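Commentary on secondary and tertiary structure
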Amino acid sequence: MTAPNANERKTMRRAAIVIVTFKRQELLASLLDSVLSLTVAPWRVVVVDNENSELTARVVGDFERRAEALWGATTDDPDSRDATSRTLYVPMETNTGGSGGFSEGVRQAYELGAEWFWVMDDDVAVEPDGLETLARWSEEAEAVMGQRRDFDGGHFFWQHRFWPRLAIYNPLSRDGWRDGERFKLANALCFEGGFFSRGVVEKIGLPDARFFIYLDDALYGYLASKVTPVYYVPDYVLSRRREVANQAVGSVRQLNSTSDMTRYYITRNRGYLARYFKLYGEYSSVGFAVGTALTFAKELIRILIVDREHLVSGMRRLGAGQRDARKILHDPTWEPMPPLA
């Protein structure tokens, strides 16, 4: 792949990588190593540490020294005439989950003056030409989702369409690419490699920290699709590095193992989705009920196939999440995240 031309370099001005980490210093170090191999230097690398760990701070500090030796400090800072470190370490006082971490990380990068945001968890590695690839797509799109490789090097399937009336991912989403198909229009994003512009953040606000984990990125992509086309592109921009127990479903899809904590948020956060879908006239009480039943069915299958030892506890957490979802759905004090512009 050739280096970006001058026009691409202008478009990618102030591209910030936002990473959220929690108790996985070895994986974080591996990710930061891969960042140093990028063919295009990021303007900022913001690391949000939900553990507030001295060990994580040392990992980030080591990266900061190597990044400065490789790329030098950035001089493209809207609030300073002096050269500034490309690395920002953000220790959180409490664990805010991935949702809170991305909300804070995007906020920090936004306030620094970032024009583009490339968000990711700590258990991935970026492709060397990943940012260069996204630079080219940024010429025509303000929100882009590239493809990912799974931990075993194979393709990772992602459902790029969401059904608002059922509040579930579209199980019929097509993963293959036709000849000549440059991109697919999506109405979801994933915070494992999602890429979006400052203009998107200004219009739809920060990621909603109230989700804690799960579905916050799907919602952010849905909101982004209301203000700009969201591109799902065939280029691989990163790879997953953490092995997760799973069971293949057909030739492409798979069911991954998950935790009882995640199961709770899978159902609870549907309440937040419903509130946002109501704002856009895409909420259906009947459809939502059907989607809830399908969600329970899918999670029961997941438990029976890959998490059988959590059958009782898992179903309890799903039920607890659904009860709290109803409270959110009827909370008279609820407000959406406000736009920043």
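Owing to the predicted nature of the structure, the values given are computational and were not obtained by experimental measurement.

Glancing now at the overall build of the protein chain. Within the protein chain, the secondary structure is distributed over eleven helices and 13 strands. Here the C-alpha atoms of the protein chain give a radius of gyration of 20 Å, agreeing with the 20 Å that 2.2 N^0.38 yields for 341 residues. Based on the C-alpha atoms only, the size of the protein chain along its principal axes is roughly 55 × 45 × 45 Å. Per-residue burial for the protein chain yields a buried fraction of 54% across its 341 residues. A fraction of 81% describes how many contacts in the protein chain between residues 6 or more apart in sequence connect residues 24 or more apart. Carbon and sulfur atoms form 51% of the exposed surface of the protein chain, whose accessible area is close to 15100 Å². Placing the 43 positive and 46 negative side-chain charges of the protein chain at their respective mean positions leaves the two points 6 Å apart.

In this section: helix α2 (residues 25–35). If you check which residues of α2 are buried, you get Gln25, Leu28, Leu31, Leu32, Ser34 and Val35. On its buried face, α2 sits against β1 (15–21), β2 (44–49), α3 (54–71), β4 (116–121) and β5 (124–126).

Secondary-structure assignment places Glu26 in helix α2. In sequence terms Glu26 and Glu243 are 217 residues apart; their C-alpha atoms lie 14 Å from each other.

Turning to the nonpolar core, a few remarks are in order. Core analysis: the biggest nonpolar cluster contains 49 residues, and Phe117, Phe196, Val201 and Leu273 have the highest contact counts within it. Contacts of Val201, omitting those with residues within four sequence positions, involve Val106, Tyr110, Phe117, Phe196, Leu206, Tyr220 and Leu340. Residues Leu32, Val45, Leu134 and Phe195 belong to the second largest nonpolar core, which totals 31 residues.

The rules we used
Residues numbered from 1 in each chain as written. Predicted model: local features only at pLDDT ≥ 70, side-chain atom pairs only at ≥ 80, totals over all residues. Heavy atoms only, no water. Helix = DSSP H or I, 4+ residues; strand = E, 2+ residues; numbered from the N terminus. Rg over C-alpha atoms; globule rule 2.2 N^0.38 Å. Buried < 20%, exposed > 50% of the residue type's maximum accessible area, 1.4 Å probe, protein only. Contact = heavy atoms within 4.5 Å. Areas by Shrake-Rupley, 256 points an atom, 1.4 Å probe, with all protein chains shown as cover. Lys, Arg positive; Asp, Glu negative; His and termini not counted. Charge placed at Lys NZ, Arg CZ, Asp CG, Glu CD. Core = buried A, V, L, I, M, F, W, Y, C linked by side-chain atoms within 4.5 Å.

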